[in-house]
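# Residue-level structure breakdown
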Amino acid sequence: MVVPVTGGKREGMPARANNPTDKVRRLRRRLYVSAKRSRTRRFHALYDRIGRGDVLVEAWNRVKANRGAAGIDGIPTVRDRVVQAATKLVIEPIFEADFKKSSYGFRPKKNATGALETIRLNGGRNYRYVVDGDIKSYFDQISHEKLLKLVERRISDRRVLKLLRQWLKAGVMEEGAMRGTELGSPQGGVISPLLANIYLDALDGIWERRCRHLGILVRYADDFAVLCRTRADAEEALRRVGIILQRLDLTLHPEKTRIVELGLGKRGFVFLGCYLRVVLSHFKRREYLFRWPSARAMNRIRVRIRTLTDRRRWAGMKDIRDVIRVINPVLRGWGNYFCTGNASTKFQQVDHFVHRRLLRLMARRGGDRRKPFRAKQWPLPRFVNEHGLHRLVGTIRYPGEVHAT
């Protein structure tokens, strides 16, 4: 009888994974729990954790998965991106423990859908006034000194602080010449979204402590909306946000910031690529805040599909399935972002547009004159069923409650 070797562990007990990803996950969890327990604790000796082999391996895998590469001017290099990713892996849990619920951008288990759902559910109830705000040139106007002071509240390791300062001061290449930067976060840097969230967490915190009676703040990076019950609350909310941003050396965009009243027959507003507007339900005859792709989002997907189906790109094409394999990932990605709203009509328009572009390619391909191309023989379902075209209609999925109550 052969006795299995268990390596000294009890039979039936799962072996602890030793791959770098699991080790990094455990490290991040320990940092998060430790930071959550103490809101005032400052962390030191983090630099050594950034240099751990498993952290660097996981950072490299993430950079590789995102196709990270040096820019045209070689800045930042791939090595720099890996170090940024490793730093982000280590320090992100510390700040994540403090981030507020109103922040949805570039955070684990947070996304644009969550922000849009918060607006939909509350905007369809008693919050009928919205401060639709945008911060002017946010990523270019972040104060380095104020940002580092915010970082120092939680991190005391001087080597990590020095590393962050070097990234902030790295400079940018303009017309072949290097220009130093006194403001802003590293352009295209892996760690840039985290630093941006750390900076605007001050806005989230002040709002939660002093202004939440005015309305509900929903922020995604530098785009934000405040849902208010009355116009007076909305005006006061806009005034206070302006004051808070002034203290952070930031300003509201005068053309993109406004107060919007929601209601039947009234205009809506655009947030995170979606147009939100109160409409009357065809079924229950009640008012709901619906959302669908904005005019700009629709134009972008048309331009993208038009580029990918350009006849010069496919000169000599022999199989339309080659084209479909190229456009399917674009359709899926765009559809996955907007499929949680009320986008059925817009999805149908995009499907028809894609169908027309494919017919145009096939018609211009030429062929046997004895058997000319007939568009009627190629309805949209044929492309879907026989050639695997991704169809947007029928993919609508609601993330939570179907309707506001």
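Residues numbered from 1 in each chain as written. Predicted model: local features only at pLDDT ≥ 70, side-chain atom pairs only at ≥ 80, totals over all residues. Heavy atoms only, no water.

## Some words on the packing of aromatic side chains
In the structure shown here, the tally under the stated rule is eight aromatic pairs. Relative to Phe-338, the ring of Trp-334 has its centre 4.9 Å away and its plane inclined at 50 degrees; by these criteria the two rings are tilted. Taken together, the positions of Trp-334 and Phe-338, both in helix α12 (residues 320-338) and four residues apart, correspond to about one turn of that helix. Classification of Trp-334 as buried rests on a relative accessible area of 11%. Judged by its relative accessible area of 6%, Phe-338 falls in the buried class. Pairing Trp-378 with Phe-383 gives two aromatic rings, centres 5.3 Å apart and planes at 40 degrees, and the pair type is tilted. By the burial criterion, Trp-378 is buried, and Phe-383 matches it. (Phe/Tyr/Trp six-rings, centres within 6.5 Å; stacked < 30°, edge-to-face > 60°. Helix = DSSP H or I, 4+ residues; strand = E, 2+ residues; numbered from the N terminus. Buried < 20%, exposed > 50% of the residue type's maximum accessible area, 1.4 Å probe, protein only.)

## With respect to the sheet that holds strand β9 (residues 287-293)
Spatially, three strands are ordered β7-β8-β9 in an open sheet, and the strand pairing comes out antiparallel. For this open sheet the edge positions go to β7 (269-271) and β9, each flanked by a neighbour on one side alone. On average, adjacent strands in this sheet sit at an angle of 40 degrees to one another, irrespective of strand direction. Bridging between strand β8 (residues 274-280) and β9 involves seven bridges; their strand directions are antiparallel. What sits directly across from Leu-276, in β9, is Arg-291. Each of β7, β8 and β9 is contacted by helix α5 (residues 112-123), which is oriented at about 155 degrees to β9, the strand it contacts most. (Pairing = 2+ DSSP bridges. Axes fitted to C-alpha atoms, helices over the stretch in contact; angles between N-to-C directions. Contact = heavy atoms within 4.5 Å.)

## What to know about helix α4 (residues 78-96)
Given a rise of 1.5 Å per residue, 19 residues ought to cover 27 Å, and the 26 Å separating the end C-alpha atoms of α4 matches this to within 8%. Roughly 35 degrees is the biggest bend found in α4, and it falls at Val-90, with proline Pro-93 one to four residues downstream. Burial analysis of α4 places 15 of its 19 residues in the buried class, which makes it a mostly covered element. (Expected span 1.5 Å × (residues − 1). Bend = angle between axes of the 7 residues up to and from the residue.)

## Comments concerning the environment of Val-33
Topologically, Val-33 is positioned in helix α1 (residues 20-37). Take Val-33: its relative accessible area is 25%, and that puts it in the partly exposed class. For the pair Val-33 and Pro-93, spaced 60 residues apart in sequence, the C-alpha separation works out to 8.5 Å.

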